[in-house]
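Analysis of the macromolecular model
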Amino acid sequence: IPHAGPAAAMGAPWSDEDVGRALARRMRSVDMHLLPVLPARDVAKLTAKAQMIVSSRYHPIVFGLAAGVPCLGIWIDLYTRTKLLGALHHSDRTGDSCSLENVRQGKLVSQLQDLWKARSSVREKILAQGLRNDEDEQRRRRQLSRLVMQREPVNVLRPERLTDILPAVVDE
């Protein structure tokens, strides 16, 4: 499912569709159905029906995780690593990522096989973490409402998912 068209102004004279066509030409024993670039709402609906997502893009990972779909993010630089790991972290799945260098070293296939074999239990874990994230978000909204709308003092609560990351930032 392609995500974006060409962005020549950003230095990318190719689109996700172009990359998909190139990938399809290289796949010999697997049929690949390539869709055109669709509106985001349609992409989100289709992504939610997937059994597993492999992407170097942020939004397919976000759409997939929101629907409980196991995802593997492939990052090529610090920027994409930060985005993909940030998305995966919300579902406690940062291990489901792979650098382009690891892809070159042949490590992607075993990682995909492991994720595929565990996809049912991974889906359950993603959905359970999503419920915890929803609870954190509801608490945050209630506190923000009390602070802004009712001008009441609030205790700053640390979301569970942030306990082990960026302690200096979270404590500020």
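The following paragraphs examine the structure supplied in this document. (Residues numbered from 1 in each chain as written. Predicted model: local features only at pLDDT ≥ 70, side-chain atom pairs only at ≥ 80, totals over all residues. Heavy atoms only, no water.)

1. Concerning helix 4 (residues 78-89)
The end-to-end C-alpha separation of helix 4 is 16 Å, in line with the 16 Å expected for twelve residues at 1.5 Å each. Summarising the contacts, the buried residues of helix 4 are in contact with strand 1 (53-55), helix 3 (58-66), strand 2 (71-75) and strand 3 (97-99). Between a side-chain oxygen at the N-terminus of helix 4 and the backbone nitrogen of Tyr79 the separation is 3.3 Å; the capping residue is Asp77. (Helix = DSSP H or I, 4+ residues; strand = E, 2+ residues; numbered from the N terminus. Expected span 1.5 Å × (residues − 1). Contact = heavy atoms within 4.5 Å. Polar contact = N/O pair within 3.5 Å; in protein donor to acceptor, adjacent residues only side chain to side chain.)

2. Regarding the pattern of salt bridges
One side chain can pair with another of opposite charge once the charged atoms of both are near each other. Enumeration over the complete set of coordinates arrives at eight salt bridges. The salt bridge partner of Glu101 is Arg104, with a shortest N-O separation of 3.6 Å. With Glu101 and Arg104 both in helix 5 (residues 100-104) and three residues apart, this pair spans about one turn of that helix. We classify Glu101 as partly exposed; its relative accessible area is 40%. Note that Arg141 is salt-bridged to Glu137, the shortest N-O span being 3.0 Å. Highlighted residues: Arg141 and Glu137, both in helix 7 (residues 119-148), separated by four residues, approximately one helical turn. Under the relative-accessibility criterion, Glu137 is labelled partly exposed at 25%. Each member of the salt-bridge network shares a partner with another, and the members are Glu17, Asp18 and Arg21. (Salt bridge = Lys/Arg side-chain N within 4 Å of Asp/Glu carboxyl O. Buried < 20%, exposed > 50% of the residue type's maximum accessible area, 1.4 Å probe, protein only.)

3. As for the packing of helix 3 against helix 4
For the pair helix 3 and helix 4, the least separation of the axes is 9 Å and the interaxial angle reads 5 degrees. Relative to helix 4, the element helix 3 lies roughly parallel. Where helix 3 approaches helix 4, its residues Tyr58, Ile61, Val62 and Leu65 are matched on the opposing element by Lys83, Leu84, Ala87 and Leu88. The residue inventory of the contact of helix 3 with helix 4, partitioned by class, reads seven nonpolar, no polar and one charged. (Axes fitted to C-alpha atoms, helices over the stretch in contact; angles between N-to-C directions. Parallel < 35°, antiparallel > 145°, perpendicular 65-115°, else oblique. Nonpolar A, V, L, I, M, F, W, Y, C, P; charged D, E, K, R; others polar.)

4. Focus: the sheet that holds strand 2
In spatial order, the strands read 1-2-3; together these three strands make up an open sheet with parallel pairing. The open sheet has two edge strands, strand 1 and strand 3, and neither has a second partner. With strand direction ignored, the average angle separating the axes of adjacent strands in the sheet is 15 degrees. The pairing of strand 2 with strand 3 spans three bridges and is classified as parallel. (Pairing = 2+ DSSP bridges.)

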